[in-house]
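Descriptive analysis of the structure
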Amino acid sequence: MPVWLRRTLISLGVLAVVAGGAYYWLIVESRMPSDAAFALDIGEIRRMVAATPGDKPASVEVERVGAFQFPATAIVAGDGWGSRDMPVFSFRLVYPDTSIIVDTALNEELGQGNLVSFDADAYARMEAAMTSASLIVITHEHMDHIGGLTAHPDLEAVLPSTKLTREQVENPARSVPARFPDGALDGYQPLEYEQYRVVAPGVALIKAPGHTPGSQMVYVQKANGEELLLIGDVAWHFRNIELLRERARLVTQFYLNEDRTAVFGQLAALFRLNQAEPDIAIVPGHDAGVVDGLLEAGILTLGFSVE
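All values reported here derive from a predicted model rather than from experimental measurement. (Residues numbered from 1 in each chain as written. Predicted model: local features only at pLDDT ≥ 70, side-chain atom pairs only at ≥ 80, totals over all residues. Heavy atoms only, no water.)

**Some words on the side chain of R247**
Positionally, R247 belongs in the loop between α8 (238-243) and α9 (249-254). For R247, a relative accessible area of 0% puts it in the buried group. Here E246 takes part through its side chain, which lies 3.2 Å from a polar atom of the side chain of R247. (Helix = DSSP H or I, 4+ residues; strand = E, 2+ residues; numbered from the N terminus. Buried < 20%, exposed > 50% of the residue type's maximum accessible area, 1.4 Å probe, protein only. Polar contact = N/O pair within 3.5 Å; in protein donor to acceptor, adjacent residues only side chain to side chain.)

**What to know about the packing of aromatic side chains**
Counted under the stated rule, the structure contains four aromatic pairs. Aromatic side chains F118 and Y123 sit 5.8 Å apart centroid to centroid with 45° between the ring planes, which places their arrangement in the tilted category. Three or more aromatic residues link up through ring pairs in this structure, and these residues are F68, F70 and W236. One Lys or Arg, K207, reaches over the ring of Y193 and ends 4.9 Å from the middle of that ring. (Phe/Tyr/Trp six-rings, centres within 6.5 Å; stacked < 30°, edge-to-face > 60°. Lys NZ or Arg CZ within 6 Å of the ring centre and 35° of its normal.)

**Considering the pairing of strand β2 (residues 83-94)**
Most of β2 sits inside the fold, with nine of its 12 residues counted as buried. Note: strand β1 (residues 59-71) against β2, 12 bridges, orientation antiparallel. Bridging across to β2, Q69 finds its partner in D85. Two elements, β2 and strand β3 (residues 99-102), share four bridges in a ladder whose sense is antiparallel. Following the sheet pairing, V94 is matched in β3 by S99. (Pairing = 2+ DSSP bridges.)

**Quick look at the sheet that holds strand β9 (residues 227-230)**
One open sheet accounts for five strands, arranged β6-β7-β8-β9-β10; its pairing is mixed. What marks the edges here is a single partner per strand, and that holds for β6 (196-200) and β10 (281-283). Across this sheet, the average inter-strand angle for adjacent strands is 20°, counted without regard to direction. In this sheet, β10 lies alongside β9 in parallel orientation, the contact comprising three bridges. In the sheet register, L229 faces β10, and the bridge partner there is I282. Against the sheet, helix α2 (residues 42-50) makes contact with β6, β7 (203-207), β8 (216-221) and β9, and its axis sits at roughly 35° relative to β6, the strand it touches most. (Axes fitted to C-alpha atoms, helices over the stretch in contact; angles between N-to-C directions. Contact = heavy atoms within 4.5 Å.)

**Quick word on helix α10 (residues 260-276)**
A turn of α-helix holds 3.6 residues, and therefore any two residues three or four places apart point the same way. With 17 residues, α10 extends 24 Å from end C-alpha to end C-alpha; this agrees with the ideal 24 Å at 1.5 Å per step. What α10 keeps buried is the set R260, A262, V263, F264, G265, Q266, L267, A268, A269, L270 and L273. (Expected span 1.5 Å × (residues − 1).)

**Looking at the pattern of salt bridges**
Two side chains bearing opposite charge may form a pair once their charged atoms approach each other closely. Counted under the stated rule, the structure contains 14 salt bridges. Between E277 and R46 there is a salt bridge; the shortest N-O distance is 2.9 Å. Here R46 lies in helix α2 and E277 lies in the loop between α10 and β10, a separation of 231 residues in the sequence. On the accessibility criterion, R46 (23% relative accessible area) is partly exposed. (Salt bridge = Lys/Arg side-chain N within 4 Å of Asp/Glu carboxyl O.)

**A short note on the pairing of β1**
Sheet topology note: the β1/strand β11 (residues 301-302) ladder contains two bridges and is parallel. When the bridges of β11 are listed, E61 appears paired with T301. Pairing of β1 with strand β4 (residues 117-118) involves two bridges; the strand directions are antiparallel. Bridge pairing in β4 links A67 to S117.

**What to know about unusual backbone geometry**
That bond from V176 to P177 is cis: its omega, 15°, falls within 30 degrees of zero. Residue position: P177 is located in the loop between α7 (166-169) and β6. Backbone geometry places D103, a non-glycine residue, at a positive phi of 70°. By secondary structure assignment, the location of D103 is in the loop between β3 and β4. A positive phi is found at L244, a non-glycine position, where the angle reads about 55°. In this fold, L244 is placed in the loop between α8 and α9.

**Details of the environment of G265**
Among the structural elements, G265 can be located in helix α10. The buried category is assigned to G265, whose relative accessible area is 1%. The spatial distance from the C-alpha of G265 to the C-alpha of A36 is 4.4 Å, given a sequence separation of 229 residues. Not counting the four nearest positions on each side in its chain, G265 is found in contact with A36, A37 and F38.

Below you can see the structure in the form of structure tokens.
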């Protein structure tokens, strides 16, 4: 074999190994880091909720406002390049005389070029429900969870009922292209808490930075005893929890700027919780299968019951 050909083949082989290694690291690799950890004490959360008097929510309603489509490997590293639905949800906790909104989706303008579907009627119901809600909380800063709030036509009226955390307020770049109007948050007093915080009868916030600095989960205990854990985008699909696999590193490190180790710790904690407490309905941020199953079981109700 000529020297030049041998050298060429060796060079091509090195390039193939490098390219293959980069592909694996960016798209496929998803091992649990040895230092991943997250404390999720469901017993303590239940005790805090039990100590808070008042009627718990009678029902939990959900609106599917729109949907994205992502490659499967963007959702669960190594799952291939087929398209997967990423629906955008808003939840409403219904009390005898009031309601709470969890996540406010996004309007069609914010989703332009990204959404593959948008339900204007669902968005209108969600927007109307925000006006009458006694509390609005956001699982994290991204536009498909906070966009309905930033774009609300009567923001001045709904802000007093909104409990944004300090981390959510201090990281506006995470919400782009969703933005609050200039001066809208002047004088706003954000919510501050260390680990868990009961915000209403049957409802507790769980601080979970990682996906974003202001990421949090929302524990809900209904009046009939059913429990839900709305985890925002700690996991996009339940498969992340089942397999203990994160999104592809190309997404988490170069697009979302996640704390990947923190998210792995949260996935492990949710996996353990699901093993120990399978009756708690863990609801990832964009999993149609989970939501459809909870609708069929009657744990969720489709559509906000507002005029």
